[in-house]
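Structural characterization, general
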Amino acid sequence: MTARFDALDDRDVPPALCGFIEHFLYWEPGALAGLEHIGAYLAGRADPPAGRDAPARVGGGQWTGFIGRTGALALRAAAPSTRPERRERLLALLEIWADGVFVDPTVRMRVGTVREPQRGAVRDERGATLLVGHVRDGANVLEVRTGDAEPPALGPIEEPTDLPHGGWGSARQLRELVALVRERGPMPWDPDAVARLAADTGMSRAAAALALAGTPGTGMFRKPFLDPDERRVLGLKAGEVDPARVESARLGPAGWLGLLAQVLPADPADLWAPDAPRLLAERIAAAWHERHGRQLPIPDTSRALIAERQPESPVAELCEAMADSAAHPLLAENLDTWPNAPHDGGIGLVDATGSVTAPYRMVALLADLAALVPTVYAELPAGDPIRAGLPALVRNVRARLDHPGLLLGCGYLFDRVTIDDLREWFGPHPYHGPEPLSVPAFDDGLTVAVEAAPPSYFGRHRHHPRLFFRPALLGDDARAQRLQDTLGHSGQGVIASVRRLRGEHFTRIVARVESDALPVGAYEANPAASVPDLVERVAKALDLTPDSAALHLQLLALEAPTDRGVRTWNGWTPTRHRRAAAALVDAGLAVADKRSRAGRGTFLPGPWAPADKPYRPMETWKAAFLDVEVSRHTGEILRHVVPERTLPELFTDAWALVERGDGPR
């Protein structure tokens with residue numbers, strides 16, 4: 001039974017399933033033969049090995065997710081981008097599936113948990129129950145029912161879940177697809193089908209390519225995720241791969257198995273028809289709409305702008321959050337969080353499900369949005385779905401921050417802080433939450449201060465007191481000042497994000513976007529579109545053309561008016577840009593030069609402030625205008641620009657300085 005898998009049945013089976021399984025743990029050599037033996041045992045055609053009461057377990061039972069969903073595996077097996085060694089393993093697995101009980105139309109299956117099973121399997125004429133993997137308080141089992149009667153059991157099944165039955169993936173379809181792939185090679189590929197799928201679902205083009213090839217990303221994978229040949233077939237650049245992997249990984253293995261389970265044509269031979277990729281894209285899009293609704297398509301240029309800022313949250317998640325915040329799980333509904341009981345000495349936050357993920361993601365999301373909203377407003381055109389979604393985004397974020405049940409982590413106290421210190425700083429009132437804490441905690445209404453837990457396991461890890469705060473109560477009172485003084489400079493990131501998101505600057509951004517002052521396609525960073533009257537004034541005062549006046553304002557006010565950016569914002573050709581810049585140089589209002597990391601060839605007169613990554617270099621005059629810190633000793637930029645004015649305000653204020661005689665020189 002196992003000889004035919006000797007050449008395939010090695011450690012390369014899990015990579016062939018990457019994206020459809022949670023992790024590679026428990027996948028040992030012999031997986032294909034093991035699955036064949038399990039299928040034969042459940043069908044009553046084979047007995048357990050000598051000395052065992054059940055077939056050997058495979059992959060921790062993750063393979064049960066394939067039951068009723070082998071269409072996803074078949075798509076990957078037929079896709080032209082799949083590596084040959086992985087294709088062979090997928091084809092072998094599909095052959096096993098076609099010969100086993102998993103495609104028997106008369107059989108019903110379900111999975112669940114059994115506490116303290118005494119055996120590994122049990123079987124009779126009514127069916128079988130098989131232990132497929134261990135969990136903390138018991139074991140996961142697969143129950144196979146061959147008739148109406150209850151099959152033999154390993155114990156009461158908790159949280160039973162019926163597995164899909166019917167649909168694509170009959171024994172005939174699986175065998176025909178395997179034969180066709182081996183006879184004809186992989187199915188055809190069409191880049192236009194990728195573009196269609198991206199437009200219909202809102203996925204990025206790169207993520208749509210992964211979906212069409214049945215190659216979703218996963219949080220655990222073996223590098224490289226895509227090799228050069230795979231990238232070539234999918235039409236992806238190296239820099240597109242990881243963002244697309246992260247984007248698609250958000251759906252998870254179960255999500256992708258369910259999404260792709262029924263998208264293949266009833267006749268597998270239709271996959272080799274000329275229009276097969278287009279029809280396949282339509283079916284994937286329909287399945288996507290059924291599960292996730294219709295999403296606004298996000299232009300790849302907009303995604304690239306977000307990616308350039310290197311956010312902590314996944315780029316796809318941020319794009320979707322800004323375009324449609326009402327659909328984002330952390331922004332659509334209030335989140336209740338609280339400190340959890342110490343585990344291994346550490347104290348964190350959990351939500352109502354007991355998960356630490358949502359509180360952690362909320363802090364990252366707030367930091368990213370606080371940094372990105374001004375960028376999106378300034379550098380994306382009117383009508384872009386991300387920019388258009390900013391007003392609703394800001395309102396939804398503020399509503400979540402106003403929820404009194406939201407507690408956010410804001411830092412640790414690393415000095416030798418005692419319980420008496422915490423009590424003195426944050427008052428004598430103990431914290432009372434949904435979960436009891438085994439260490440002292442003090443609550444002044446705004447701040448919850450939790451004492452450090454004792455060192456964990458043999459004292460290897462020393463813990464520190466941790467502070468949490470309720471953003472709903474963050475104001476300008478003595479409590480807020482005490483919290484900020486206690487944290488010091490390094491621990492105020494999330495507090496600064498909350499204040500920015502609530503601040504007047506974001507209110508003015510919302511008002512500007514909602515005003516529809518810009519025509520669709522125009523950029524706020526183009527003075528000719530955002531402050532046309534000011535451009536006319538500057539042109540008249542300096543005897544410039546409107547183009548040169550607009551460029552002069554951009555050089556004065558914008559942090560990084562790169563040549564590429566200016567041409568994008570202004571809709572200029574290189575020739576038109578050079579003509580406008582040359583007029584400024586001739587008038588003595590600018591100098592032509594080459595400077596490191598500037599991305600442009602025209603500069604304001606006067607000293608230059610260089611910068612190392614991640615900061616941006618700029619004219620020293622402009623650094624003072626934008627309130628950016630410059631080193632007294634080296635003249636280098638030491639901080640990011642934190643905008644507090646809209647672009648019309650910046651253009652107007654910069655010109656006011658020039659008119660007053662305080663311009664660059």
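The following refers to the structure shown.

Cut-offs and rules
Residues numbered from 1 in each chain as written. Predicted model: local features only at pLDDT ≥ 70, side-chain atom pairs only at ≥ 80, totals over all residues. Heavy atoms only, no water. Helix = DSSP H or I, 4+ residues; strand = E, 2+ residues; numbered from the N terminus. Buried < 20%, exposed > 50% of the residue type's maximum accessible area, 1.4 Å probe, protein only. Contact = heavy atoms within 4.5 Å. Areas by Shrake-Rupley, 256 points an atom, 1.4 Å probe, with all protein chains shown as cover. Lys, Arg positive; Asp, Glu negative; His and termini not counted. Charge placed at Lys NZ, Arg CZ, Asp CG, Glu CD. Axes fitted to C-alpha atoms, helices over the stretch in contact; angles between N-to-C directions. Left-handed = near helix turned anticlockwise from the far one by under 90°. Nonpolar A, V, L, I, M, F, W, Y, C, P; charged D, E, K, R; others polar. Phe/Tyr/Trp six-rings, centres within 6.5 Å; stacked < 30°, edge-to-face > 60°. Lys NZ or Arg CZ within 6 Å of the ring centre and 35° of its normal. Pairing = 2+ DSSP bridges. Core = buried A, V, L, I, M, F, W, Y, C linked by side-chain atoms within 4.5 Å. Salt bridge = Lys/Arg side-chain N within 4 Å of Asp/Glu carboxyl O. Arc of directions from axis to C-beta. Parallel < 35°, antiparallel > 145°, perpendicular 65-115°, else oblique.

**Some points on the overall build of the chain**
When you go through the chain residue by residue, the secondary structure sums to 28 helices and 15 strands. When burial is assessed residue by residue, the chain has 52% of its 665 residues classed as buried. The contacts in the chain between residues at least 6 apart in sequence include a share of 67% that link residues at least 24 apart. Just so you have it, the chain exposes about 30,100 Å², and 52% of that area is on carbon and sulfur atoms. The centroid of the 75 positive side-chain charges in the chain is displaced by 3 Å from the centroid of its 87 negative side-chain charges.

**Some thoughts on the packing of helix H3 (residues 70–78) against helix H4 (residues 84–99)**
Describing two packed helices takes the angle between their axes plus the distance from one axis to the other. In contact at an axis separation of 9 Å, H3 and H4 are set at 145° when each is read in the N-to-C sense. Here H3 runs over H4; the crossing is left-handed. Of the residues in H4, those in contact with Thr 70, Leu 73, Ala 74, Arg 76, Ala 77 and Ala 78 of H3 are Arg 87, Leu 90, Leu 91, Leu 93, Leu 94 and Trp 97. Within the contact of H3 with H4, the residues separate by chemical class into 9 nonpolar, 1 polar and 2 charged.

**Quick look at the packing of aromatic side chains**
Considering all chains together, one arrives at 6 aromatic pairs under this definition. Arranged with centres 4.3 Å apart and planes meeting at 25°, the rings of Trp 97 and Phe 102 form a pair that is stacked. Both rings, one in Phe 603 and one in Trp 608, keep their centres 5.2 Å apart while their planes meet at 85°; by these two values the pair is edge-to-face. Given a relative accessible area of 0%, Phe 603 falls into the buried group. Through pairs of rings, three or more aromatic residues link up here, namely Trp 63, Phe 66, Trp 97 and Phe 102. Arg 595 extends its terminal NZ or CZ atom over the ring of Phe 603, reaching a point 4.2 Å from the ring centre. When the ring centre of Phe 625 is taken as reference, the NZ or CZ atom of Arg 645 above it lies at 4.6 Å.

**Concerning the pairing of strand E4 (residues 138–145)**
The two faces of a sheet get side chains in turn, since along a regular strand they alternate between them. Here E4 lies mainly inside the structure; 7 of its 8 residues are buried. Bridge analysis of strand E1 (residues 108–114) against E4 gives 7 bridges, and the strand direction is antiparallel. Considered in E4, the bridge of Val 111 is made with Leu 142. Where strand E3 (residues 127–135) and E4 come together, 8 bridges link them in antiparallel fashion.

**Overview of the nonpolar core**
Ranked by size, the top nonpolar core spans 94 residues in total, and within it Met 322 and Phe 469 carry the most contacts. Counting residues per element, this core draws most heavily on helix H15 (residues 357–379), at 11 residues. In this structure, Met 322 is in contact with Ile 306, Leu 369, Leu 372, Val 376, Pro 385, Ile 386, Gly 389, Leu 390 and Leu 393, ignoring residues within four places of it in sequence. Judged by nonpolar contacts, the second largest core, of 91 residues, contains Trp 63, Val 103, Trp 168 and Ala 171.

**What to know about the sheet that holds strand E8 (residues 408–412)**
Pairing within the open sheet is antiparallel, and its 4 strands lie in the order E8-E11-E10-E9. Edge positions in the open sheet fall to E8 and strand E9 (441–443), since each of these has one partner strand only. Direction aside, the axes of adjacent strands within the sheet are offset by 20° on average. By the bridge criterion, 4 bridges tie E8 to strand E11 (residues 466–469) in an arrangement that is antiparallel. In the strand pairing of E11, Tyr 412 is matched with Arg 466.

**Here's the deal with unusual backbone geometry**
Following Lys 613, the chain continues to Pro 614 via a peptide bond in cis, the omega torsion being 10°. Its identity is not glycine, yet Glu 159 carries a phi of approximately 50°, on the positive side. Relative to the elements of secondary structure, Glu 159 occurs in strand E5 (residues 158–162). Positive phi is not limited to glycine here, since Asp 627 has a value of about 60°. Residue class for Asp 627 comes out exposed when judged on its relative accessible area of 70%.

**Observations regarding the sheet that holds E1**
Reading across the sheet, the 5 strands line up as E2-E3-E4-E1-E5 and stay open at both edges, with antiparallel pairing between neighbours. Unpaired on one side and paired on the other, strand E2 (121–124) and E5 mark the two borders of the sheet. In this sheet, adjacent strand axes meet at a mean angle of 20° when their direction is disregarded.

**As for the pattern of salt bridges**
Overall, the coordinates contain 42 salt bridges when judged by the stated rule. Put simply, Glu 150 and Arg 145 hold a salt bridge, and the shortest N to O gap is 3.5 Å. Glu 150 gets classed as partly exposed once you look at its relative accessible area, which sits at 48%. Arg 470 is paired through a salt bridge with Asp 443; the nearest N and O atoms lie 2.9 Å apart. Placement of Arg 470 in the loop between E11 and helix H19 (478–487) and of Asp 443 in strand E9 is noted, with a sequence separation of 27 residues between them. When its relative accessible area of 14% is taken as the criterion, Arg 470 is described as buried.

**Quick look at helix H25 (residues 563–570)**
Where H25 is concerned, the buried positions are Gly 565, Val 566, Trp 569 and Asn 570. One side of H25 carries all its buried residues, which in axial view fall inside an arc of 110°. In this fold, the buried residues of H25 make contact with H15, helix H24 (546–557) and helix H26 (574–586). Of the residues trailing H25, Gly 571 is marked for its positive phi of about 70°.

**Here's the deal with the side chain of Glu 317**
Tracing the sequence through the fold places Glu 317 in helix H13 (residues 315–323). Classification of Glu 317 as buried rests on a relative accessible area of 4%. Discounting residues that sit within four places of it in the chain, Glu 317 has contacts with Arg 250, His 328 and Arg 361.

**Description of the packing of helix H10 (residues 252–260) against helix H11 (residues 276–292)**
For the pair H10 and H11, the least separation of the axes is 9 Å and the interaxial angle reads 125°. Here H10 lies oblique to H11, going by the angle between them. Contacts from Trp 256, Gly 258, Leu 259 and Leu 260 of H10 reach H11 at Ile 284, Ala 287, Trp 288 and Arg 291. Residue composition of the contact of H10 with H11, by class: 6 nonpolar, 1 polar and 1 charged.

**Digging into the environment of Gln 492**
Inspection of the secondary structure assignment puts Gln 492 in the loop between H19 and helix H20 (493–502). Here the alpha-carbon distance between Gln 492 and Asp 653, two residues 161 residues apart in the chain, equals 30 Å.

**Regarding the side chain of His 505**
By the secondary structure assignment, His 505 is in helix H21 (residues 504–514). Since its relative accessible area comes to 3%, His 505 is described here as buried. Setting aside anything within four residues of it in sequence, one finds His 505 in contact with Pro 374, Arg 500, Pro 643, Glu 644, Arg 645 and Thr 646.

**Considering the environment of Asp 627**
Of note, Asp 627 is situated in the loop between helix H27 (620–625) and helix H28 (647–659). The sequence separation of Asp 627 and Phe 442 amounts to 185 residues, and the corresponding C-alpha distance is 38 Å.

Worth remembering: the numbers are spatial, not functional.
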